[in-house]
Amino acid sequence: MASEEILVFTTIGDRDMAEEQISEMLEQGIIISGTIFPEVELVYLWEGKITVDTENKILLKAKADKYNAIEEFIMKRHPYIAPEIIRMDVSFGSPAYKAFVAEKIKKNS
């Protein structure tokens, strides 16, 4: 059986834009919360050279049935040509936290 909860990872260079996009997704009710890990370093190979950039890693918590809306949101508003979108099926852990999340979703629906 598939998980009811997901984590979605993405990245964005601009911190203010990250906050704006998380706020919009919260207002639309497609995520439960978003966490910004500021100024992480990305090391990758570009045109044969090792490149180091900084960006903000974003972790979104959501119900699995919202994934398509999250992906569509990111693809439409993200400044990157091909933004990172990684979905992980998860369980939100302890019974107390699950109850907290369920109540939060209920209030925001």
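As shown above, the structure is provided for reference.
Residues numbered from 1 in each chain as written. Predicted model: local features only at pLDDT ≥ 70, side-chain atom pairs only at ≥ 80, totals over all residues. Heavy atoms only, no water.

Participant: What is the right way to look at the sheet that holds strand β4 (residues 86–90) in this model?
Facilitator: Note on sheets: strands pair through backbone hydrogen bonds, and any given pair is parallel or antiparallel. Spatially, the four strands line up as an open sheet ordered β2-β3-β1-β4, and their pairing is antiparallel. The strands lining the two open edges of the sheet, one partner per strand, are β2 (33–46) and β4. Recorded for the sheet is a direction-independent mean angle of 30° between the axes of neighbouring strands. Sheet analysis places strand β1 (residues 5–12) next to strand β3 (residues 49–63), joined by eight bridges and oriented antiparallel. Its bridge partner lying in β3, glutamate 5 is registered against lysine 63. The sheet strands contacting helix α1 (residues 15–28) are β1, β2 and β3, and the helix crosses β2 at an angle near 135°. Here helix α2 (residues 67–77) sits on the sheet in contact with β1, β3 and β4, set at roughly 5° to β1. (Pairing = 2+ DSSP bridges. Helix = DSSP H or I, 4+ residues; strand = E, 2+ residues; numbered from the N terminus. Axes fitted to C-alpha atoms, helices over the stretch in contact; angles between N-to-C directions. Contact = heavy atoms within 4.5 Å.)

Participant: Honestly, α2 in this entry has me stumped. Any pointers?
Facilitator: Every α-helical turn comprises 3.6 residues, leaving residues that sit three or four positions apart pointing alike. All buried positions along α2 are accounted for by Tyr67, Ile70, Phe73 and Ile74. Along the axis of α2, the buried positions cluster into a sector of 125°, meaning they face one direction only. For α2, the exposed residues lying more than 90 degrees away from the buried face are Asn68 and Lys76. Looking at the buried residues of α2, the elements they touch are β1, α1, β3 and β4. (Buried < 20%, exposed > 50% of the residue type's maximum accessible area, 1.4 Å probe, protein only. Arc of directions from axis to C-beta.)

Participant: What am I meant to see in the pairing of β3 here?
Facilitator: Looking along a regular strand, one sees the side chains alternate between the two faces of the sheet. With 12 bridges connecting them, β2 and β3 associate as antiparallel partners. Within the sheet, the bridge partner assigned to phenylalanine 37 lies in β3 and is lysine 57. The antiparallel hairpin formed by β2 and β3 contains two residues in its connecting segment, where glutamate 47 sits at a positive phi of about 50°.

Participant: In this structure, what is going on with the side chain of glutamate 55? I would like to understand it.
Facilitator: Along the chain, glutamate 55 turns up in strand β3. A polar contact is formed between the side chain of glutamate 55 and the side chain of tyrosine 80, at a distance of 3.2 Å. Glutamate 55 has contacts with Thr11, Ile12, Gly13, Phe37, Pro38, Glu39, Val40, Leu42 and Tyr80, leaving out every residue within four places of it along the chain. (Polar contact = N/O pair within 3.5 Å; in protein donor to acceptor, adjacent residues only side chain to side chain.)

Participant: Can you help me understand the packing of aromatic side chains in this one?
Facilitator: The description of an aromatic ring pair uses the distance of the two centres, along with the angle that the planes make with each other. In total, this model carries zero aromatic pairs according to the counting rule given. In this arrangement the basic side chain of arginine 87 is found over the ring face of tyrosine 67, its NZ or CZ atom lying 5.1 Å from the centre. (Phe/Tyr/Trp six-rings, centres within 6.5 Å; stacked < 30°, edge-to-face > 60°. Lys NZ or Arg CZ within 6 Å of the ring centre and 35° of its normal.)

Participant: Just checking my understanding: could you explain the environment of methionine 17 for this structure?
Facilitator: Along the chain, methionine 17 turns up in helix α1. For the pair formed by methionine 17 and histidine 78, sequence separation is 61 residues and the distance between their alpha carbons is 9.1 Å. Discounting chain neighbours no more than four positions away, the residues touching methionine 17 are Ile12 and Pro79.

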